[in-house]
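Reading the structure
Residue-level listing of the chains:
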Amino acid sequence: MPGLPKRLRTGLAAALVLACAQAGAEAEAPGANADFSTAPRVTIDRPKPIYMLIERDPRIYGLKPFQDLVDAAAPGAVLRPPPGAYAGPVTIDKPLTIDGGGQVSIDAGGKGTVMVLNADGAVLRGLHLTGSGDSHDTDDSCLDVRGHHNVIENLEIDDCLFGIDLKQSNHSVVRGNRVRSKDLELGVRGDGLRLWYSHDNLIEGNEVIDSRDMVAWYSHRNVFRDNLGRRSRYSIHFMFAHDNLVENNRFQDNAVGVYFMYTQGGAARGNLISHATGATGMGVGFKEASGTVIENNEIIYCAIGVGSDLSPFEPDTTIELRGNRFAYNGIAVQFNSETGGNNLRDNVFEGNLTQVSYGGRSDNPEKNFWEGNYWDDYQGFDRDHDGYGDQPHEIRAYADQIWMEFPVARFFRSAPVLELLDFLERLAPFSTPDLILRDARPRFVKPQRESLL
């Protein structure tokens, strides 16, 4: 390129180097099922600021720094600190077992992050972590987990912006911890538990109360089992997170129970989701999700039991809802868009103000499949005593169409004039009512099931 101008030669050379680098990276890219636990971590955290002691709350003045005990321990050692209160922050960069026996408290004095675990194969047990900062820019938290194959159990976490924050942390166990955020407005609290690019973890038996969210972003094949979530925003919010299992949890008094957004696969089984109320109240939600199973859950006293938007999203996939109990909800199931592919079998619908609703007019409701569900408003008979109704159960929209197409009108739903209009519509329709669903084989006898309450 001797005849080209110097600036052009430099630009072409840079482009050539970049293209070669990208080609090499693509050639070495791991497959979708690769084991990332042995891959080097990519530094994704903003640098943590360093705060002088005088900038921290005076309550930690005079406390022994816990970092001294960590620095003195050999890799692989078991550290059982003397009971008492210690000063943070703490960074653990070697495999240790630290057992506080429920009698050790570490306080960062209201600044920064209390503890950072940047090692593989460590165990943290029986510690009280408290007093993080309140900066969202640096994700101030009680515990940052940045390694693999760690065990985090029986921690008491409070007065922290974020609780337990896993980033690029795989094959770890987070069990039996109790997490509470700072006493802030809901929207400015941190997440009680956050998984970011973290796979194959077990999240079991934790309590996340008065936090913001429990989230899993870009995190696959995790198991959330036997957890309690209360008085938060999202009990669990999945985003671009595939094949996660939510099993036997209790989510109460949150704005949203479990939300699957841009996900594939996954299941929610045996959960109690109740009192998801308010303008955004929803037990289980879908946004462009595919291949999910919702099974044997109790979804009660929610504004919307299940809300679905463009789900299933991927071609030739389904959303399966079976064996669930929808009781005393404002709307049991609401489809905001009609893509079809939702299969609802053997569910119980009782005491709901509206059993099933569409966000607008449904052009082809039979794209969804309904079979063997129990409906407390079924008006048929079971003459052959086989436990199923002799006639299909159909739900049609009469005056309901008003608040389906204009949600603000739902406020007036029980007003006498609308009740009268609905009665007259059913008695002598002056317009063709829309068919919402047809269950060809409705259950006549309510299935016996053990309540999860």
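Whatever comes next refers back to the structure up there.
One structure accompanies this document, and this report is about it.

Conventions used here
- Residues numbered from 1 in each chain as written.
- Predicted model: local features only at pLDDT ≥ 70, side-chain atom pairs only at ≥ 80, totals over all residues.
- Heavy atoms only, no water.
- Helix = DSSP H or I, 4+ residues; strand = E, 2+ residues; numbered from the N terminus.
- Buried < 20%, exposed > 50% of the residue type's maximum accessible area, 1.4 Å probe, protein only.
- Contact = heavy atoms within 4.5 Å.
- Areas by Shrake-Rupley, 256 points an atom, 1.4 Å probe, with all protein chains shown as cover.
- Salt bridge = Lys/Arg side-chain N within 4 Å of Asp/Glu carboxyl O.
- Phe/Tyr/Trp six-rings, centres within 6.5 Å; stacked < 30°, edge-to-face > 60°.
- Lys NZ or Arg CZ within 6 Å of the ring centre and 35° of its normal.
- Disulfide = S-S within 2.5 Å.
- Patch = residues over 30% accessible without salt bridge, like charges linked within 9 Å, V, L, I, M, F, W, Y side chains within 5 Å.
- Pairing = 2+ DSSP bridges.
- Axes fitted to C-alpha atoms, helices over the stretch in contact; angles between N-to-C directions.
- Polar contact = N/O pair within 3.5 Å; in protein donor to acceptor, adjacent residues only side chain to side chain.
- Core = buried A, V, L, I, M, F, W, Y, C linked by side-chain atoms within 4.5 Å.

Let us look at the overall build of the protein. Across its full length, the protein holds four helices and 39 strands. In the protein, which comprises 453 residues, the share counted as buried stands at 51%. Contacts spanning at least 24 positions in sequence make up 54% of the contacts within the protein whose residues lie at least 6 apart. Surface exposure of the protein reaches about 21200 Å², of which carbon and sulfur atoms provide 55%.

Using the criterion set out here, one finds 36 salt bridges in the structure. Two residues, Arg-175 and Glu-153, come together in a salt bridge whose shortest N-O distance is 3.1 Å. Of the two residues, Arg-175 is situated in strand S12 (residues 173-175) and Glu-153 in strand S9 (residues 151-153); the sequence distance between them amounts to 22 residues. Here Glu-350 and Arg-325 are joined by a salt bridge, their closest N and O atoms 2.7 Å apart. Of this pair, Glu-350 sits in strand S34 (residues 348-350) while Arg-325 sits in strand S31 (residues 325-327), and the two are 25 residues apart along the sequence. What makes Arg-325 buried here is its relative accessible area of 13%. Taken together, the shared-partner salt bridges in this structure form one network comprising Lys-48, Asp-139, Asp-144, Arg-146, Asp-165, Lys-167 and Arg-194.

So, about the packing of aromatic side chains. Within the structure shown, the criterion is met by 17 aromatic pairs. Aromatic pair Phe-66 and Tyr-86: ring centres 5.3 Å apart, planes at 85 degrees, arrangement edge-to-face. One end of the pair, Phe-66, is in helix H2 (residues 66-72); the other, Tyr-86, is in strand S3 (residues 84-87), and 20 residues separate them in sequence. Tyr-86 carries the same exposure label as Phe-66, and that label is buried. Within the aromatic cluster, the residues linked to one another by ring pairs are Phe-326, Phe-335, Phe-349, Tyr-358, Trp-370 and Trp-375. A cation over a ring is seen here: Arg-441 above Tyr-388, with NZ or CZ 3.7 Å from the ring centre.

Under the defined criterion, the tally for this structure stands at one disulfide. Put simply, Cys-142 and Cys-160 are joined by a disulfide, and their sulfur atoms are 1.7 Å apart. Judged by the sign of its S-S torsion, about 55 degrees, the bond between Cys-142 and Cys-160 is right-handed. Within this pair, whereas Cys-142 is found in strand S8 (residues 141-145), its partner Cys-160 is found in strand S10 (residues 156-160), the two being separated by 18 residues in sequence. Cys-160 gets classed as buried once you look at its relative accessible area, which sits at 0%.

Together, Met-52, Leu-53, Ile-54 and Tyr-61 make up a nonpolar patch on the protein surface, roughly 460 Å² of accessible area in all. Examined against the element boundaries, Tyr-61 turns out to sit in the loop between helix H1 (6-28) and strand S1 (64-65).

So, about the sheet that holds strand S6 (residues 115-117). Pairing in this open sheet of 12 strands is parallel, and the strands run S4-S6-S8-S11-S14-S17-S20-S23-S26-S29-S32-S35 from one edge to the other. At either end of the open sheet lies a strand with only one pairing partner, and these are strand S4 (90-92) and strand S35 (354-358). Sheet twist, expressed as the mean angle between neighbouring strand axes with direction ignored, is 10 degrees. Here strand S23 (residues 256-261) runs beside strand S26 (residues 282-287); their pairing, made up of five bridges, is parallel. Across the sheet, residue Tyr-259 finds its bridge partner in S26, namely Gly-285.

Before going further, it helps to examine the side chain of Glu-350. Given a relative accessible area of 10%, Glu-350 falls into the buried group. Of the polar contacts made by the side chain of Glu-350, one reaches the side chain of Arg-325; its length is 2.7 Å. There is a polar contact of 2.9 Å between the side chain of Glu-350 and the side chain of Lys-446. Setting aside anything within four residues of it in sequence, one finds Glu-350 in contact with Arg-325, Phe-326, Ala-327, Tyr-328, Gln-355, Asp-376 and Lys-446.

Counting 72 residues, the largest nonpolar core has Phe-66, Leu-129, Leu-143 and Ile-164 as the members making the most contacts within it. Among all residues touching Ile-164, those that are not within four sequence positions of it are Leu-143, Val-145, Ile-152, Ile-157, Val-174, Asn-177, Val-179, Gly-192, Leu-193 and Arg-194. Of all hydrophobic cores here, the second largest spans nine residues; its members include Met-239, Tyr-259, Met-282 and Ile-331.

Quick look at the pairing of S26 now. Of all the six residues making up S26, six are buried; the element is thus mostly covered by neighbouring parts of the structure. Sheet analysis places S26 next to strand S29 (residues 304-309), joined by four bridges and oriented parallel. Pairing of Phe-286 across the sheet is with Ser-308, part of S29.

Next up on the list: the environment of Gly-109. If you trace the backbone, Gly-109 turns up in the loop between strand S5 (97-107) and S6. With a relative accessible area of 4%, Gly-109 lands in the buried category. Placed 24 residues apart in sequence, Gly-109 and Gly-133 show a C-alpha to C-alpha distance of 7.9 Å. If we ignore the near neighbours within four places in the chain, the residues touching Gly-109 are Arg-56, Asp-57, Arg-59, Ile-60 and Gly-131.

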